[in-house]
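The lines below spell out each chain.
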Amino acid sequence: MLENIKAVIFDLDGTLADSMTVWTDIDKAFFAGRKIPVPDTLQKDIEGMSFTETAAYFVKTFSLPESVEELKEIWRDQAMEQYRDHVKLKPGVLEFLSYLKEHRIRTGIATSNYRELLNAFLEGRRLFPYIDAAVTSCDVSAGKPAPDVYLKTAALLETSPEECLVFEDVPMGILAGKNADMKVCAVEDDYSIDQTEKKRELADYYIHDYFDVLRSSYEVLP
């Protein structure tokens, strides 16, 4: 998997961080507090969107009184403590990051999440020394599945796309990596377990956790 790879780029939520339930809980409380029924297609509709794009979608779709920036601040405040103190790393992440650092493979994060939440997570887990570059989808012109966030991360890492390996947990993120002409490894996550077949169709590799990479027990997909 890592042969000829000079940089590894990770998505954050559901990939490095076991954090998707944070947003499920925030969404439930958000809709309940406003007496708005939760749309059945919500997660599919917003998958891959940047934090800003998601807020804009909510403001428009549900006719909210807040501005996009106000809604982003509300969500940030609701999630900050979780990302700083409680959200856990996916199994094997620290060991894999240590391996990459030891072997001088550069690392980046390309996330749809908010910059402040990303920084809180990295600081709380003391991961900054392991990460060489981090880009959010709000830093580029379009969220996933557009390749922009991955291409910008690769540029910051001074690595060509074909020398990058992406780790992603949902189909739109996998497509973003593929659209950037990068190899992509799909990461198992309970939140997207019903999308496993689609993830396998799109990705080059599949892992249950990062120990699969370290012990070479990952799946090479056809």
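In what follows, the accompanying structure is described. (Residues numbered from 1 in each chain as written. Predicted model: local features only at pLDDT ≥ 70, side-chain atom pairs only at ≥ 80, totals over all residues. Heavy atoms only, no water.)

### Topic: the overall build of the protein chain
Piece 1. Check the secondary structure of the protein chain and you find 10 helices and nine strands.
Piece 2. Rg of the C-alpha trace for the protein chain: 17 Å, near the compact-globule value of 17 Å for 222 residues, within the 12% margin.
Piece 3. Along the three orthogonal principal directions, the C-alpha set of the protein chain runs to about 50 × 35 × 30 Å.
Piece 4. Put simply, the protein chain has 222 residues, and 52% of those count as buried. (Helix = DSSP H or I, 4+ residues; strand = E, 2+ residues; numbered from the N terminus. Rg over C-alpha atoms; globule rule 2.2 N^0.38 Å. Buried < 20%, exposed > 50% of the residue type's maximum accessible area, 1.4 Å probe, protein only.)

### Some words on the packing of helix H1 (residues 20–33) against helix H4 (residues 68–86)
Helix-helix packing: each pair is described by the crossing angle between the helix axes and the interaxial distance.
Piece 1. Two elements in contact, H1 and H4, have axes whose closest approach is 11 Å; the angle formed by their N-to-C orientations is 135 degrees. Between H1 and H4, the crossing angle belongs to the class labelled oblique. Our pair here, H1 against H4, has a crossing hand that is right-handed. Across from Val22, Trp23, Ile26 and Phe30 in H1, the residues of H4 making contact are Leu71, Trp75, Gln78, Ala79, Gln82 and Tyr83.
Piece 2. Counted by class, the contact of H1 with H4 contains eight nonpolar, two polar and no charged residues. (Axes fitted to C-alpha atoms, helices over the stretch in contact; angles between N-to-C directions. Parallel < 35°, antiparallel > 145°, perpendicular 65-115°, else oblique. Left-handed = near helix turned anticlockwise from the far one by under 90°. Contact = heavy atoms within 4.5 Å. Nonpolar A, V, L, I, M, F, W, Y, C, P; charged D, E, K, R; others polar.)

### Let's talk about the side chain of asparagine 113
Piece 1. As for its position among the elements, asparagine 113 is in the loop between strand E4 (106–111) and helix H6 (115–124).
Piece 2. Classification of asparagine 113 by relative accessible area gives buried; the value is 3%.
Piece 3. Only 2.8 Å separates the side chain of asparagine 113 from the side chain of aspartate 13, close enough to count as a polar contact.
Piece 4. Within the structure, the side chain of asparagine 113 is placed 3.0 Å from the side chain of tyrosine 83, a separation counted as a polar contact.
Piece 5. When sequence neighbours within four positions are dropped, the list of residues in contact with asparagine 113 reads Leu12, Asp13, Trp23, Phe51, Tyr83 and Thr136. (Polar contact = N/O pair within 3.5 Å; in protein donor to acceptor, adjacent residues only side chain to side chain.)

### Things to note about helix H3 (residues 51–61)
Piece 1. All of the buried residues along H3 are Phe51, Thr54, Ala55, Tyr57, Phe58 and Val59.
Piece 2. Of the surrounding secondary structure, the elements contacted by the buried residues of H3 are H1, helix H2 (42–46), H4 and H6.
Piece 3. Immediately beyond the C-terminal end of H3, within one or two residues, lies serine 63, with a positive phi of roughly 50 degrees.

Purely spatial values, then, with no claim about function.
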